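Examining the three-dimensional arrangement
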Amino acid sequence: MPGTPEATPAAKQVSDAPSPRRLLSTEKVYEGRIWDVVSDSFQLQETGEALTRDYIDHPGAVAVLPMNAAGEILLLRQYRHPVGMDLWEIPAGLLDVEGEDFVVGAARELAEEADLAAGTWNVLADFFNSPGSSSEAIRIYLARDLADIPHHERHERTDEEAEIEFHWISLDDAVDSVLAGRLHNPSAVVGILAAAAARAGGYKGLRPADAPWPAHPSQR
């Protein structure tokens, strides 16, 4: 049929990959409480002119989509000052404990923010939050076989976390909220859509909790 692309033996797999460039200089221009701003000068090509880019040097983060036996997921409402809004999110936190395993950090955040422990962990998705301006890499886990943390062992939440509210919602309703533009937190949006895609395959294609994460800056 005219205009029909020729069939290929197999679909081409697309995959992001490291792309080292010649670094000419690097300078910390701002030291913050949690992350810094650095300024790098580099060359795209050996004979090219120097380019300079400022970006946030970030330790990375993990996020957790908790799912109960009924297939509902837990969302947390939390105030976020930079956008001046209460956002429905999933438990998440910085990878700011040196040497801590990624999934151990995720379990810690699940316990601290949602008072939950999980018996089954899988990787849902890895992504860069804002690759044009930050080195922040985020891994989202799916946590199942949930159990409540005993009251005497629960973390005392302070500051913005003290206002956290919980809401269990069906995965389908959460997807509808994403597509309708009612949810804006990136980890929640990515996690919800990834979980819906994984559910279509019975969650069989998900990576194990200890799957390599070569895109995280600490692993390069």
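Residues numbered from 1 in each chain as written. Predicted model: local features only at pLDDT ≥ 70, side-chain atom pairs only at ≥ 80, totals over all residues. Heavy atoms only, no water.

This part covers the overall build of the protein. A count of helical and extended segments in the protein gives three helices and eleven strands. In terms of overall dimensions, the protein has a C-alpha envelope of 60 × 60 × 35 Å along the principal axes. Of the contacts made within the protein by residues no fewer than 6 positions apart, 58% connect residues no fewer than 24 positions apart. Just so you have it, the protein exposes about 13700 Å², and 51% of that area is on carbon and sulfur atoms. Of the charged side chains in the protein, 18 are positive and 36 negative; the average position of the first set lies 6 Å away from that of the second. (Helix = DSSP H or I, 4+ residues; strand = E, 2+ residues; numbered from the N terminus. Contact = heavy atoms within 4.5 Å. Areas by Shrake-Rupley, 256 points an atom, 1.4 Å probe, with all protein chains shown as cover. Lys, Arg positive; Asp, Glu negative; His and termini not counted. Charge placed at Lys NZ, Arg CZ, Asp CG, Glu CD.)

Turning our attention to the environment of Asp40. In this fold, Asp40 is placed in strand β2 (residues 36–43). According to the relative accessible area criterion, Asp40 is buried, its value standing at 11%. Here the alpha-carbon distance between Asp40 and Glu27, two residues 13 residues apart in the chain, equals 6.5 Å. Apart from the residues lying within four places of it in its own chain, the contact partners of Asp40 are Leu23, Ser25, Thr26, Glu27, Leu51, Thr52, Arg53 and Tyr55. (Buried < 20%, exposed > 50% of the residue type's maximum accessible area, 1.4 Å probe, protein only.)

All right, on to the UniProt feature "domain: Nudix hydrolase" (unreviewed entry) in the protein then. Mapped onto this numbering, the UniProt entry gives "domain: Nudix hydrolase" (unreviewed entry) at residues 57–196. Secondary structure content for residues 57–196 is 24% helix and 39% strand, and the end C-alpha separation is 32 Å. (UniProt positions renumbered as here; feature names shortened; annotations may be inferred.)

This part covers the environment of Trp213. You can see Trp213 is positioned in the segment after β11 (207–208). Assessed through its relative accessible area of 4%, Trp213 is described here as buried. On a C-alpha basis, the gap between Trp213 and Phe102 in space is 9.2 Å, while along the polypeptide they are 111 residues apart.

With that settled, consider the sheet that holds strand β10 (residues 165–170). On the basis of which strands lie adjacent, the open sheet formed by three strands has the order β6-β5-β10 and antiparallel pairing. Unpaired on one side and paired on the other, β6 (85–89) and β10 mark the two borders of the sheet. With direction set aside, neighbouring strand axes in the sheet form an average angle of 30°. Taken together, the five bridges between strand β5 (residues 72–80) and β6 define a ladder with antiparallel strand orientation. Along β6, the bridge assignment pairs Tyr79 with Asp86. (Pairing = 2+ DSSP bridges. Axes fitted to C-alpha atoms, helices over the stretch in contact; angles between N-to-C directions.)

We now examine the sheet that holds β2. One open sheet holds the three strands; their spatial order is β1-β2-β3, and the pairing between them is antiparallel. The open sheet has two edge strands with one neighbour each: β1 (22–31) and β3 (50–57). The average undirected angle you get between the axes of adjacent strands in this sheet is 20°. Pairing of β2 with β3, which is carried by eight bridges, proceeds in the antiparallel orientation. In the sheet register, Val37 faces β3, and the bridge partner there is Ile56.

Contact geometry of helix α2 (residues 171–179) with helix α3 (residues 186–200) gives a least axis separation of 10 Å together with a crossing angle of 130°. Accordingly, the angle class assigned to the pair α2 and α3 is oblique. Every pair of crossing elements has a handedness; the one defined by α2 and α3 is left-handed. On the side of α2, the interface is formed by Leu171, Asp172, Ala174, Val175 and Val178, while α3 contributes Val189, Ile192, Leu193, Ala195, Ala196 and Arg199. Looking at the contact of α2 with α3 residue by residue, the classes come out as nine nonpolar, no polar and two charged. (Parallel < 35°, antiparallel > 145°, perpendicular 65-115°, else oblique. Left-handed = near helix turned anticlockwise from the far one by under 90°. Nonpolar A, V, L, I, M, F, W, Y, C, P; charged D, E, K, R; others polar.)

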